[in-house]
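So the chains spell out like this:
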Amino acid sequence: MKKICFLTNTPTLIPRQKLQTRALRESGHELSAICWDRDGVCAKEELTEGIRFLRIQPTYHKGRVRRPTSDQSLVSFWGDADRGLHAALWLGRLWIKTFQKALAQNADIFVCCHYVSLPLAVCAARIRGAKVVYDISEFSMEHTSYWLPKMLRPLSSWLQLSENMLIRQIAGVTCVPDRKLTIYRRAFKNCRNTEVVLNVPELELRVDTALLNALKKKYAEKNVLVYAGALIQSKGIMEAVKAVKVIRSLYPNFVLLLIGSCIGDDTALITDYSVKEGLVDSIDIVPLQPYEKLHTYYQCADIGLMLPYKGPNEENLTIGNTRKNMDYIKASLPVIVPDLGDIGLLVRQEECGVIVPSCNAESISRAVLSLLDNPDIAEKMGRNGHNAFLKKYNWNIEKKKLLKVYQAV
C-alpha cells in the first residue's frame, strides 16, 4: 500500500479525479487531497469517501480581486489573467501553503492535476524521496497563451520547455487525447511511463430514485432538451435559448433544461429574454449539480445538447476528452454537437446524433426538430450511443490503463 496525495485546483475532486481516486483506493492505497477552496465554503479538513481532504482557503481581500465578467470565459487557471499584481501575490501565497501541506503528508506519490502545481510536486517529492504522477487534461501547457495577458504570451513557449524539463523528473503521466496526440507524444518523449486515459464515465448507472420520480412528474408529457455545463455567453448559451422560440411553435410542450452555473449577468440575460418572448414555461434553469445526480436528470430528457467552448482548445476536442458527450450517450440520449475538432467523430462513427455546422439558433432548432419529428430515428441513435459506451467508452476500460501507470511507479 502506498500513500498518494493529489494536488488539485478545485475545492472538491472533479469527476475524472473521483474515478482515479476510487480506482486507487480499491487497489489498497491510502489517499489524501490538497485542494484550493477559492470561495472558502468547504471544511478546511475532512474525511470523505476514504480520502482526507486538506483545503487551502483564500487570504486575499475579495473586493480587490475581480471575478470574471460575463464576456470572459471560465478559467481553469488558479486565478484569471485580469487580476494583475494582487493575483500574482496571492498565487505566491497559495504556492507556499500548498508546498507546506504537501511536505507534511509524507506521501509516497504526489499526483499533480494542474501544470501550475507541477513544480511544487516535483520539489516536494525530491525532498521527501517520493514520486510524481502528472495528470494532463486538455487544458495543457499548449494553451497557456489563452490565460496569460497579451504582454506575457511570448512566455508560453518557454513555459512548455519548463514543463518538459519537469516531466523528465517524474515517474508517470496520464493524459487525455488531443486531436493530433501532441500532448501524449510530448509527454511520452520525456517520460516513457505515459498512458492516454480517456475522460469517460463509470459503467455503473447511479440513479437517485426520489429525484427521478419528482422529475418524471415535473416533465411528464414534455419534450426535453438538456444542456449541462457553464451557462455563459462564450459557450453560445443564448443561441440555444433563442432556438426555443422556433421549437416551441411546433412543439408547445418543449422544454430546454439548463443545468449549470452562470457568471456575471448571464442568468439575467436568459431570464430577461424568456420573459420578453413569453418562454418562461419553456426554459428551466437548474443550479450546477454533482455528476452523480446528472445521470438522474438525463433519464427525463429526450436529447442531449453540447455547445462549443470558444478557446484555444476547441480544435483539440476529441472523442476521449468530451466528458459531457459520454454522459449523454451513457443515458441513451441522441446528441447534438458542434462540428469542432473531432467532437463529431463519435456521432459519425456510431450514428448517435446530429452534427450542427455552427451553434446558432437556426442550426440548433433545425437539429432538435429533426429528432423530435423522427422519434424512431432518435431512439435508434440513443441505443447506438449507449452500445458504444458499453463496448468502448467507459471507465472499466480506462481504469486498467491508469493502474498500469501507477504499478510502474
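Scroll up a little and you will see the structure.
Residues numbered from 1 in each chain as written. Predicted model: local features only at pLDDT ≥ 70, side-chain atom pairs only at ≥ 80, totals over all residues. Heavy atoms only, no water.

### Details of the overall build of the protein
Scanning the protein for helices and strands turns up 15 helices and 14 strands. Scored against the burial criterion, the 409 residues of the protein give a buried share of 54%. Here the contacts in the protein between residues at least 6 apart in sequence split such that 70% fall between residues at least 24 apart. A total accessible area of about 18600 Å² is found for the protein, and carbon and sulfur atoms account for 54% of it. (Helix = DSSP H or I, 4+ residues; strand = E, 2+ residues; numbered from the N terminus. Buried < 20%, exposed > 50% of the residue type's maximum accessible area, 1.4 Å probe, protein only. Contact = heavy atoms within 4.5 Å. Areas by Shrake-Rupley, 256 points an atom, 1.4 Å probe, with all protein chains shown as cover.)

### Comments concerning the side chain of Glu 202
Its location among the elements puts Glu 202 in the loop between β8 (194-196) and α7 (209-218). Side-chain polar atoms of Glu 202 contact the side chain of Arg 206, separated by 2.5 Å. (Polar contact = N/O pair within 3.5 Å; in protein donor to acceptor, adjacent residues only side chain to side chain.)

### Some remarks on the sheet that holds β8
Taken together, eight strands build an open sheet; the order of strands is β3-β4-β2-β1-β5-β6-β7-β8 and the sheet is mixed. Where the open sheet ends on each side, the last strands, each with one partner, are β3 (45-48) and β8. Direction aside, the axes of adjacent strands within the sheet are offset by 20° on average. Two strands pair when backbone bridges link them, and strand β1 (residues 3-7) and strand β2 (residues 30-36) are joined in this way by five bridges, in the parallel orientation. Each bridged residue has a counterpart across the sheet, and for Leu 7 the counterpart in β2 is Ile 34. Packed onto the sheet, helix α1 (residues 15-26) meets β1, β2, β4 (51-56), β6 (131-136) and β7 (172-175) and runs at close to 175° relative to β1. (Pairing = 2+ DSSP bridges. Axes fitted to C-alpha atoms, helices over the stretch in contact; angles between N-to-C directions.)

### What to know about empty space enclosed by the protein
Applying the stated criterion across every chain, the model contains three cavities of 30 Å³ or more. Lining the largest cavity are 15 residues, and of these Glu 202, Tyr 291, Glu 292, Arg 323 and Lys 330 lie nearest its centre. At the level of secondary structure, the elements contributing two or more residues to the lining of the largest cavity comprise α1, α10 (291-298) and α11 (323-330). Ranked by residues supplied to the lining of the largest cavity, first place goes to α10 with five residues. When grouped by side-chain class, the residues that make up the lining of the largest cavity number six nonpolar, one polar and eight charged. (1 Å grid on protein atoms, 1.4 Å probe; cavity = no way out; pocket = protein on both sides within 12 Å on 5 of 7 lines; lining within 4 Å. Points joined across faces, edges and corners; volume = space filled by probe spheres on them. Nonpolar A, V, L, I, M, F, W, Y, C, P; charged D, E, K, R; others polar.)

### Considerations on the pairing of β3
Both faces of the sheet carry side chains from a regular strand, because those side chains alternate between them. Of the pairings in the sheet, the one linking β3 to β4 comprises four bridges and is antiparallel in character. Within the sheet, the bridge partner assigned to Thr 48 lies in β4 and is Ile 51.

### Regarding the packing of aromatic side chains
Using the criterion set out here, one finds two aromatic pairs in the structure. Relative to Phe 188, the ring of Tyr 184 has its centre 5.7 Å away and its plane inclined at 25°; by these criteria the two rings are stacked. With a gap of four residues between them, Tyr 184 and Phe 188 both fall in helix α6 (residues 182-190), about one helical turn apart. On the accessibility criterion, Tyr 184 (22% relative accessible area) is partly exposed. With a centroid separation of 5.1 Å and an interplanar angle of 65°, the aromatic rings of Tyr 298 and Tyr 328 are classed as edge-to-face. (Phe/Tyr/Trp six-rings, centres within 6.5 Å; stacked < 30°, edge-to-face > 60°.)

### Examining the side chain of Asp 135
Within the secondary structure layout, Asp 135 lies in strand β6. Using a relative accessible area of 5% as the deciding quantity, one classes Asp 135 as buried. A polar contact of 3.4 Å, which involves the side chain of Asp 135, links it to the side chain of Gln 20. Apart from residues lying up to four places away in sequence, Asp 135 is in contact with Arg 16, Gln 20, Cys 112, Cys 113, Thr 174 and Cys 175.

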